[in-house]
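Secondary and tertiary structure notes
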Amino acid sequence: MKRVRMLLWIGFLVFFSSLANAKSTELKVFRDKGSNRIISATYNARLALAASIKNLTKIQKARVKIQQRRWNRKDSVLKADEFLDNNKRLLGLNNIGSELLPKAPEADPQGGTIVRYVQQSEQGYPVVYSGLNVRFLKNGSIDSLSVGIAPNISVPGKAKIGKKQALKIAISAFRRDFNTDIEPLVVSNSLVIYPKSLIENTPGNVSILSHQVVLRAPEGSGIEANENYYVDSQSGEVIARLSNIRYLTRYVFDCTTMLWDTKCWVNKRFTDPPHYPEYVFGRGETNLARGTNPVFGYTDTDDMHSLLGSIHNYYLSKFNRDGANNQGGVGTGLYIGSVLYQPAWTFAYVYRDGDLGSHCSYAAFNSGIINFCHDTVGTDTVGHEYSHGIPFFTFNQLPGGGIVFPAGLVYSGESGALDENFSDVMGEMVERSITGNANWLHGMVNGSIVRNLIDPPSISYEGSFYPDKIHSQWFYCGSYDNGGVHINSTVPSKAFYLMSEGGSFNGCEITGIGADKIEQILYRAMTTYYVPTETFNQAYIHIKQACTTLIGNPL
Ligand SMILES: [Zn+2]
């Protein structure tokens, strides 16, 4: 009797452990070390197929194989849906069809197909900054998942605070944050789900039904602001502000004496104010070189014009990308009401202080327009700002194209640091493509170095230093700099430097594989595997996947 019972137990154990093995070998799930949330998964189609056809007849097996050969890219959304549906409990979802919105499938340049779910929603409310990618191999089997969604969302069905009240709250927060009394432009105001735990990468499933109020400072106001405010729909509290601007530096643009007509205008001739002589400042696509600016003695307009052309050619020749927006430029063609606010082509301003001889120290990508001051019209800096356009247009949360806010990676914490890391490294790669050499020093034209990607702690920042690893004493965990987006960007940037050039660091000897390879790995990681809330742990997995899938390419 005892023996029989024991055998039964062993039988059960073997049965259950074989089930568990089958599951874990087919779908391997990776979790973030900080939040324990699922961030990535790989799938072993060969094992799954073997398990699923194990008990079929020969004829049935042959049929399955024929079906597999008839794989068609158009089916990939359905197949991805079905796959996610089979794993929905694991992912914390209930109904794939109503909760995840896919874009049309994209061909992966490395073979296969990417299905990008650009928006999660719950009770009809969009979950901002959500995203999930499914990658298929050439033969139609699923290879990997990048996961950036909020699991098990539970929010109240209705707002207690109205739209108008939320707008008032957001505007007063805007005025406080930017120390101004101007009337900001209201780009949009809508109810969304703010996935707090996902964005902050903390354990738990806190998501908040919020009013998302997007406010921007009007042109010529002297304030550079384009911000998403999240107002709790129940309490009216401002729970977050996330910027749509990607700043290069922490310097504040001193524009108090700047007038609208000191900006760069294409083909615009003006005479006011009287202390400026008449001149033409800007340069359009078909214009001849402008030469030296007669007031300031600089050649910024032509320098910028030529740099933007070179950067465009860099992305086209290396990545077959027709401009950051894949439509020839970096512009969004954003409409506010019925007015086209920005054209879709590349639009760059060069700013200057009102005082002759002095100038601001500033460069930024602002949702399709890139802004520079005289000292920042340099190769790696323009490359940096332009490159912010890549994630901005990769993660735009609209299945049919065009841009809605928010777009890009979340510009705070680790995802913001990965955004800055991408721009810094690609800025160096742009510099290399133009000058033949990357110096890995991110700098200004006047010679000051902003970040040193070879040795980050050699540069100070507000009494502290840039970190070169997560466990560095300089790794920043506060709220300054949008949660250290620039400060901590040097951790992955140092890693990319080592990948490219090699060296000994942290007790390891690294053999460099060269810039031609690392630029492809970084670009592929960003555009194929990253999600808007990408964490450092997640990027570690995704950079490796990008690398693995590039092996065999003649780089
Ligand atoms: Zn930047």
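Everything in this summary refers to the structure shown in the same document. Note that the coordinates shown come from a computational prediction; the quantities given were computed from them, not determined experimentally.

What follows covers the overall build of the protein chain. From N to C terminus, the protein chain includes 16 helices and 26 strands. By sequence separation, contacts in the protein chain at least 24 residues apart represent 57% of the contacts at least 6 residues apart. Carbon together with sulfur atoms contributes 54% to the accessible area of the protein chain, which is approximately 25,300 Å² in total.

With that settled, consider the nonpolar core. A general tendency of soluble globular proteins is for nonpolar side chains to be buried together. By size, the foremost hydrophobic cluster in this structure holds 47 residues, and its most contacted members are Tyr315, Phe422, Val425, Met426, Met429, Trp440 and Tyr530. Elements represented by at least two residues in this core include exactly α9 (300-319), α10 (379-387), α11 (389-394), α12 (413-435), α14 (490-501), α15 (515-529) and α16 (536-550). The leading source of residues in this core is α15, at eight residues. The contact partners of Val425, leaving out residues within four places of it in the chain, are Trp440, Leu453, Ser493, Phe496, Ile518 and Leu522. In terms of nonpolar packing, the next biggest core, distinct from the first, is built from 20 residues, Leu27, Ile96, Leu132 and Leu145 among them.

To continue, consider helix α7 (residues 163-177). Here α7 spans 21 Å end to end across 15 residues, near enough to the 21 Å set by a 1.5 Å rise per residue. Turning to α7, its buried residues number three or more, namely Ala166, Ala170, Ile171, Ala173 and Phe174. When α7 is viewed along its axis, its buried side chains cluster within an angular range of 160 degrees and face the same direction. Turned more than 90 degrees from where α7 packs its buried face, Lys164, Lys168 and Arg176 sit exposed.

Within the protein, the zinc ion binds to His384 (NE2), His388 (NE2), Glu420 (OE) and Glu420 (OE); these donor distances fall in the range 2.0 to 2.5 Å. Angles of 54 to 141 degrees at the metal separate the four donor atoms of the zinc ion, which places the site in the irregular class. For the zinc ion, the donor residues sit on a single chain with the sequence spacing H-x3-H-x31-E. Taken together, the positions of His384 in helix α10 and Glu420 in helix α12 put the pair 36 residues apart, joining distant regions of the chain.

The rules behind each value
Residues numbered from 1 in each chain as written. Predicted model: local features only at pLDDT ≥ 70, side-chain atom pairs only at ≥ 80, totals over all residues. Heavy atoms only, no water. Helix = DSSP H or I, 4+ residues; strand = E, 2+ residues; numbered from the N terminus. Contact = heavy atoms within 4.5 Å. Areas by Shrake-Rupley, 256 points an atom, 1.4 Å probe, with all protein chains shown as cover. Core = buried A, V, L, I, M, F, W, Y, C linked by side-chain atoms within 4.5 Å. Buried < 20%, exposed > 50% of the residue type's maximum accessible area, 1.4 Å probe, protein only. Expected span 1.5 Å × (residues − 1). Arc of directions from axis to C-beta. Donors = N, O, S within 2.8 Å, 3.2 Å for Na, K, Ca; no water. Tetrahedral: all angles 85-135°; square planar, octahedral: opposite > 155°, others 65-115°.

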